[in-house]
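Coordinate analysis (summary)
The primary structure of each chain is shown beneath.
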Amino acid sequence: ASSLGLIATAGVAEYGPLGVSIAAGHLLAIRQRRLEANLQQQVEERTSALTASQALYQDVIDNAPIGMLSVDARGQLEHANAKLLAILGSTYTEFAGSFSVVDEGAAKNSGFAAMLERALRTGEVLTDQFSFDSWWGRSLTTRTLVAPRRNAAGDVVGALAIVEDVTERLAIESRLQEAQRMEAIGQLAAGVAHEINNPMAYVRSNLTMLREEIGALAKDADSAEQPEQTRARIGECGTIVGNCLVHVERTVSIVRDMREFSRGGSADREPTDVNALLENAARLVSTRTSGLSEIPLQLAELPPIAAAPGQLRQLFLNLLLNALRAAGPTGLVSAATTRTASELLISVHDDGPVIQPAERARLFEPFAPCRGSGGDP
């Protein structure tokens, strides 16, 4: 006020600006301290929230019911959760220091290292199934998915692997397939018994007749009065023997097919004759039809393919049995194989009604009922 001349106070005017500056500086200092305190509080709150979030996600990963593995862009281990350690049969001591996962012995032998290297190199999301022996000596089968991790620029900076132990699941599936195979054998047993009984009865009857005829020929052996008649009777005996051999061979083939089907086989792929497997299944299914009728087959010339014979045999048998159950009044069922430039096509036909649209949606659903409630699965 003195500086502005509003009041007259000697010796004060020249110090007015200084006083104002000191007061303003004091106010700014107070404001600065408040801002710093607010900023510090926000930093502490954000840090606490980030720490809690990291702890939460770390807890989720470490206690996840599926194995997780994180590596950097060079394949160096960053983190492995407890479930993965349990799958590998390891403890945290083996993972105390970072090491190259792509150079680890079990990872290389099983093929996981090669898949991890490819994901890091190409940025692809890959999945595969591996068999290996854990560090505790347990034989395992795992289903593994590897997904690359990228930075803001889109560069691959590492990868996350999700590992699931499917050993027990595959064992259950194998037992289920075995149970289904035995169920199918049970369904075929009555037909096979009938099919074997018919030719055996025919063979027994013909052999009895043949024995009597041979006895009669032995009595007439010294007589040369009717050589033409004797030769005709010998020809009849040959025909009887031929017919017996045909029926015996059919019986042997049915028993052989049954034995091959019950044996099952592994899921390993090997060169497989598709036509032979389809003929095998058709002979077994034909025992469910009346008489000695065969299922008509139209087989193209097919090269051997890499497949699991036991699984294909089960598939063909199921298709033919389902076709037989769904066939119309005439019970007509047929099958065929054809070949295109890149595919082999196996088709099974029956003269029954078409599959309803509501049932088509569940065509590949395991154990789904069809042909109405109470129908066969």
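Scroll up a little and you will see the structure.
Residue numbers restart at each chain and count upward from 1, following the sequence in its written direction. For this predicted model, a pLDDT threshold of at least 70 governs which residues receive local features, and a threshold of 80 or more governs which side-chain atom pairs are given and counted, while totals over whole chains, interfaces and linings are taken from all residues. Think of the side-chain values as coming from all heavy atoms in the structure, minus any hydrogens and water.

With that settled, the discussion passes to the overall build of the protein. Secondary structure elements are defined from DSSP: runs of H or I of at least 4 residues count as helices, runs of E of at least 2 residues count as strands, and each element is numbered from the N terminus. Across its full length, the protein holds nine helices and ten strands. In the protein, buried positions account for 29% of the 377 residues. Any pair of residues with heavy atoms lying within 4.5 Å of one another is described as a contacting pair. The contacts in the protein between residues at least 6 apart in sequence include a share of 56% that link residues at least 24 apart. Carbon and sulfur atoms make up 57% of the accessible area of the protein, which amounts to about 23,900 Å² in all. Three exposure classes are used, based on accessible area relative to the maximum for each residue type with a 1.4 Å probe and protein chains only: buried under 20%, partly exposed in between, and exposed over 50%. Only the protein chains shown count as cover for residues, with accessible areas throughout obtained via the Shrake-Rupley method and a probe of 1.4 Å.

This paragraph deals with the sheet that holds strand β5 (residues 156-165). Pairing within the open sheet is antiparallel, and its five strands lie in the order β2-β1-β5-β4-β3. Of all strands in the sheet, those with a lone pairing partner are β2 (77-80) and β3 (126-133), marking the two edges. Direction aside, neighbouring strands of the sheet carry axes that sit 25° apart on average. In terms of strand pairing, strand β1 (residues 67-72) meets β5 through six bridges, oriented antiparallel. Among the inter-strand pairings, Asp 72 is bridged to a residue of β5, identified as Gly 158. Here the rule is simple: two strands pair whenever DSSP picks up at least two bridges between them. Throughout, an axis means a line fitted to C-alpha atoms (over the contacting stretch in the case of helices), and angles, computed between N-to-C directions, take values from 0 to 180 degrees.

Reading across from one edge, β7-β9-β10 is the order of the three strands in this open sheet, with mixed pairing throughout. Two strands lie at the open edges of the sheet, namely β7 (297-299) and β10 (344-350), each paired on one side alone. Ignoring strand direction, the axes of neighbouring strands in this sheet form an average angle of 10°. Looking at chain direction, β7 and strand β9 (residues 333-339) are connected through three bridges and run parallel. Residue pairing in the sheet places Leu 299 in a bridge with Thr 337 of β9. Helix α7 (residues 274-286) rests against β7, β9 and β10 of the sheet, and its axis sits at about 175° to β7.

Before going further, it helps to examine the packing of aromatic side chains. In this analysis, rings of Phe, Tyr and Trp, with Trp reduced to its six-membered ring, are considered paired at centre separations within 6.5 Å, and the interplanar angle assigns stacked below 30 degrees, edge-to-face beyond 60, and tilted for intermediate values. Summed over all chains, the structure comprises one aromatic pair. For the ring pair Phe 112 and Phe 130, a centre distance of 6.2 Å and an interplane angle of 85° mean the geometry is edge-to-face. Taken as a pair, Phe 112 in helix α4 (residues 112-122) and Phe 130 in strand β3 lie far apart in primary sequence, 18 residues in all. Per residue, the accessibility class of Phe 112 equals that of Phe 130, and both read buried.

With that settled, consider the side chain of Ser 110. With respect to the helices and strands, Ser 110 occurs in helix α3 (residues 105-110). The buried category is assigned to Ser 110, whose relative accessible area is 17%. Each polar contact in these results corresponds to two N or O atoms within 3.5 Å; when the atoms are within protein, one needs to be able to donate a hydrogen and the other to accept it, and residues that are neighboring in sequence are counted only if both atoms are side-chain atoms. Here the side chain of Ser 110 touches Ala 107 through a polar contact of 3.3 Å, landing on its backbone oxygen. A distance of 3.4 Å separates the side chain of Ser 110 from the backbone nitrogen of Phe 112, its partner in a polar contact. Apart from the residues lying within four places of it in its own chain, the contact partners of Ser 110 are Phe 130, Ser 131 and Phe 132.

So, about a nonpolar patch on the surface. Together, Met 200, Val 248 and Val 252 line one region of the surface with nonpolar side chains, adding up to about 200 Å² of accessible area. Relative to the helices and strands, Val 252 resides in helix α6 (residues 227-263). Exposure above 30% relative accessible area and the absence of a salt bridge qualify a residue for a patch, where like charges join within 9 Å and nonpolar side chains (Val, Leu, Ile, Met, Phe, Trp, Tyr) within 5 Å. Every case where a carboxyl oxygen of Asp or Glu lies within 4 Å of a side-chain nitrogen of Lys or Arg is listed as a salt bridge.

Another aspect to go through is the pattern of salt bridges. Applying the stated criterion across every chain yields a total of four salt bridges. The closest approach of N and O atoms between Glu 78 and Arg 149, which form a salt bridge, is 2.6 Å. Residue Glu 78 is located in strand β2, and its partner Arg 149 is located in strand β4 (residues 139-150); the two are separated by 71 residues in the primary sequence. Classification of Glu 78 as partly exposed rests on a relative accessible area of 44%. The class of Arg 149 is partly exposed, set by a relative accessible area of 27%. The partner of Arg 169 in a salt bridge is Glu 164, with the nearest N and O atoms 2.3 Å apart.

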